[in-house]
Amino acid sequence: MGNPAAAVSADRAAPASGWAVDLAQDIGSRRWYRGMATLILLIGLALACWPDLSALEAAPASRVDAVAAGQFRSLGLSAARPMAPPSTLPAHPALRQVAFVAERPQIERSAELPAGDSIGRLLQRAGVSGSDAARASDLIAGAVPLDRIAPGTRFSLVLGPRPAPGQPRQLERATLRARIDLALAVTRSGGGLTLQRQAIPVDTTPVRIRGQVGSSLYRSARAAGVPPSAIQQYLAALDSHLSLEGDIGPDDAFDLVFAYKRAATGESEAGELLYAGLERATPQGRRPVLELLRWGQDGGFYSAETLSRPSYVQTGPGLLMPVNGHVTSLYGQRFHPILGYTRMHAGVDFGAAWGSPIVATADGVVSYAGYHGGHGMYVRLEHGGHLGTGYGHMSRIMVWPGQRVRAGEVIGLVGSSGLSTGPHLHYEMYRDGQTVDPLGTRFAAVTRQVDPRELGAFRTRLAQLKALQPGALLASGVRAVSQLAMR
């Protein structure tokens, strides 16, 4: 191996060749200054050749003189830049000033109602006088509440002459579509404004759409033509009865019916969901998993099974029985069949079939609803007067914390969650926070009944909606509405 120091000395002693100089060596020598001068020269050349980044103005297609430019400015009708006054226009032999320019006796305009705006302000912005705008707004309000006129409603206006120079124009006619089945026209007659109503024939046959769930229930329903609002209602209805994540498979079929209006003039409007169904393929064919119908004054979704459950009517003082079953284990010390030792059993067990409804024994507020250790799926109610009740081992909870419940209202279903050997209800009672024997209190005499007329009406309506052909209105809507219009 050679000597590194000798190699460096030999390199320094070598004569310089070319303009490329290592400025880290021989600092202060003639060779170094020559390299520095070269570097400064190259930097200067680079800066001298730096491109200009200013905008380039294209050459005009034709030369515009001052007179033509003034005419262009005067013809500009932009709202942001008004027409130039005549005094600013350049003098020209063909131009002369006039004292008065006649206006058109009528002009037509179109305006759209913005969200949060009023009809009166909209008309005034369009050039209508304040008195006519207020009168027209009052007439329209007499036919339809103003808050029912949707934002985006289009107004077609005809404005008449001005009462005096500089005054707003009079309103001659204003037409709008207040509802899908109603058109309104405010017209001037005999010096005042009057309102005319035009009823529009509308077909209200609901629409039924079915399809396969596939990889996404929402996307499949949208591809089948279901409106987004109906899909959201459908998912909310199903979610209250089953799990959207685990209980719906890609081979299942959705089935829904929603209200639908189609006017004779061609407009359509989708309404609320009326029926929500889910079907599943079996060796015997498709079978319904869930059939829910919008029913009752609360507008909730119910199944025939729900209405078939007996309602609890109290006929005597005391608490209701929590479930239709028989006592299988009493309050007190007992040998636990799972833990294998004797301990306190702080409630009473009622044997009942899996899925049997569990009802609140008295009016109260839900203070807990969820999984609770050995109790499994558990609900705790507070009834006031330092009294509370607990319900354990449910298969499904049907209330939520903070909800107020009435005596006899279903709060869950019998199951076997937690430390349980089979389906039953573990029922507890608390007084001042301490458990007491529930059988030491008086249970009310109750009757369980089903309203056969309501159940019959429910099933009749369900059969009517399921008899609809999927997409029938979409295919024959034009013919149906045309027939309505001819009546």
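Residues numbered from 1 in each chain as written. Predicted model: local features only at pLDDT ≥ 70, side-chain atom pairs only at ≥ 80, totals over all residues. Heavy atoms only, no water.

1. So, the pairing of strand β23 (residues 424-431)
Next, step 1: Extensive coverage of β23 is indicated by the burial of 7 of its 8 residues.
Next, step 2: Bridge count for strand β16 (residues 348-351) against β23 is 4 bridges, and the pairing is antiparallel. Pairing of valine 348 across the sheet is with tyrosine 427, part of β23.
Next, step 3: Relative to β23, strand β20 (residues 387-397) runs antiparallel, the two being bridged by 6 bridges. Paired with threonine 389 across the two strands is methionine 429, which belongs to β23.
Next, step 4: In this sheet, strand β24 (residues 434-436) lies alongside β23 in antiparallel orientation, the contact comprising 3 bridges. By the bridge assignment for β24, tyrosine 430 is matched with threonine 435.
Next, step 5: Here β23 folds back onto β24, and the loop between the two strands holds 2 residues, one of which, aspartate 432, carries a positive phi near 60 degrees. (Buried < 20%, exposed > 50% of the residue type's maximum accessible area, 1.4 Å probe, protein only. Helix = DSSP H or I, 4+ residues; strand = E, 2+ residues; numbered from the N terminus. Pairing = 2+ DSSP bridges.)

2. Notes on the pairing of strand β4 (residues 182-189)
Note on strand geometry: in a regular strand, side chains alternate between the two faces of the sheet.
Next, step 1: Most of β4 sits out of view: 6 of its 8 residues are buried.
Next, step 2: Looking at chain direction, strand β3 (residues 171-179) and β4 are connected through 6 bridges and run antiparallel. Its bridge partner lying in β4, threonine 175 is registered against alanine 185.
Next, step 3: The turn joining β3 and β4, which pair antiparallel and follow one another in sequence, is formed by 2 residues.
Next, step 4: Summarising the sheet, β4 and strand β5 (residues 192-199) pair through 8 bridges and their orientation is antiparallel. Bridging across to β5, alanine 185 finds its partner in glutamine 196.
Next, step 5: In textbook terms, the turn of a hairpin is the stretch between consecutive antiparallel strands, and for β4 and β5 this stretch comprises 2 residues, one of which, glycine 190, has a positive phi near 65 degrees.

3. A few points about the packing of aromatic side chains
Aromatic rings considered in pairs are described by the distance between their centres and by the relative angle of their planes.
Next, step 1: All told, the structure shown has 6 aromatic pairs when counted by the stated rule.
Next, step 2: Ring plane angle 50 degrees and centroid distance 6.1 Å describe the contact between tyrosine 368 and tyrosine 378, whose orientation is recorded as tilted. Pair noted here: tyrosine 368 is in strand β18 (residues 364-371) and tyrosine 378 is in strand β19 (residues 377-384), with a separation of 10 residues, a long-range link.
Next, step 3: Members of the aromatic cluster, each reached through a chain of ring pairs, are Phe350, Tyr391 and Tyr427.
Next, step 4: Over the ring of tyrosine 430 we find arginine 380; its NZ or CZ atom is 3.7 Å from the centre of that ring. (Phe/Tyr/Trp six-rings, centres within 6.5 Å; stacked < 30°, edge-to-face > 60°. Lys NZ or Arg CZ within 6 Å of the ring centre and 35° of its normal.)

4. Comments concerning a nonpolar patch on the surface
Next, step 1: Together, Leu39, Ile43 and Leu47 give the surface a local cluster of nonpolar side chains, amounting to about 280 Å² of exposed area.
Next, step 2: Assignment of secondary structure puts leucine 47 in helix α2 (residues 30-48). (Patch = residues over 30% accessible without salt bridge, like charges linked within 9 Å, V, L, I, M, F, W, Y side chains within 5 Å. Areas by Shrake-Rupley, 256 points an atom, 1.4 Å probe, with all protein chains shown as cover. Salt bridge = Lys/Arg side-chain N within 4 Å of Asp/Glu carboxyl O.)

5. Overview of the nonpolar core
Next, step 1: Within the largest apolar cluster, 25 residues are counted, with the highest numbers of intra-cluster contacts made by Leu123, Ile140, Phe155, Leu157 and Leu171.
Next, step 2: Here phenylalanine 155 is in contact with Arg109, Ser110, Ala111, Leu113, Ile119, Leu122, Ile140, Thr175 and Leu176, once residues within four sequence places are set aside. (Core = buried A, V, L, I, M, F, W, Y, C linked by side-chain atoms within 4.5 Å. Contact = heavy atoms within 4.5 Å.)

6. A closer look at the environment of alanine 263
Next, step 1: By the secondary structure assignment, alanine 263 is in strand β8 (residues 253-263).
Next, step 2: In this structure the C-alpha to C-alpha distance between alanine 263 and proline 201, which are 62 residues apart in sequence, comes to 5.9 Å.

7. Remarks on the environment of leucine 195
Next, step 1: With respect to the helices and strands, the residue leucine 195 is situated in strand β5.
Next, step 2: As for leucine 195 and alanine 174, which are separated by 21 residues in sequence, their C-alpha atoms are 9.5 Å apart.
Next, step 3: Leave out the neighbours within four places in its chain, and leucine 195 touches Leu139, Ala143, Leu184, Ala185 and Val186.

8. Notes on the pattern of salt bridges
Next, step 1: If you walk through the whole model with that rule in mind, you get 15 salt bridges.
Next, step 2: For arginine 179, the salt bridge is made with aspartate 181, and the minimal N-O distance between the two is 2.9 Å.
Next, step 3: You can call arginine 179 partly exposed: its relative accessible area is 39%.
Next, step 4: The class for aspartate 181 is partly exposed, based on a relative accessible area of 29%.
Next, step 5: Between lysine 466 and glutamate 291 there is a salt bridge, with the nearest N and O atoms lying 2.3 Å from each other. Note that lysine 466 is positioned in helix α9 (residues 452-466) and glutamate 291 in strand β10 (residues 285-295), a separation of 175 residues in sequence.
Next, step 6: On the basis of relative accessibility, which here comes to 21%, the residue glutamate 291 falls in the partly exposed class.
Next, step 7: Shared partners join several salt bridges into a network, and the residues in it are Arg208, Arg210, Asp255 and Glu279.

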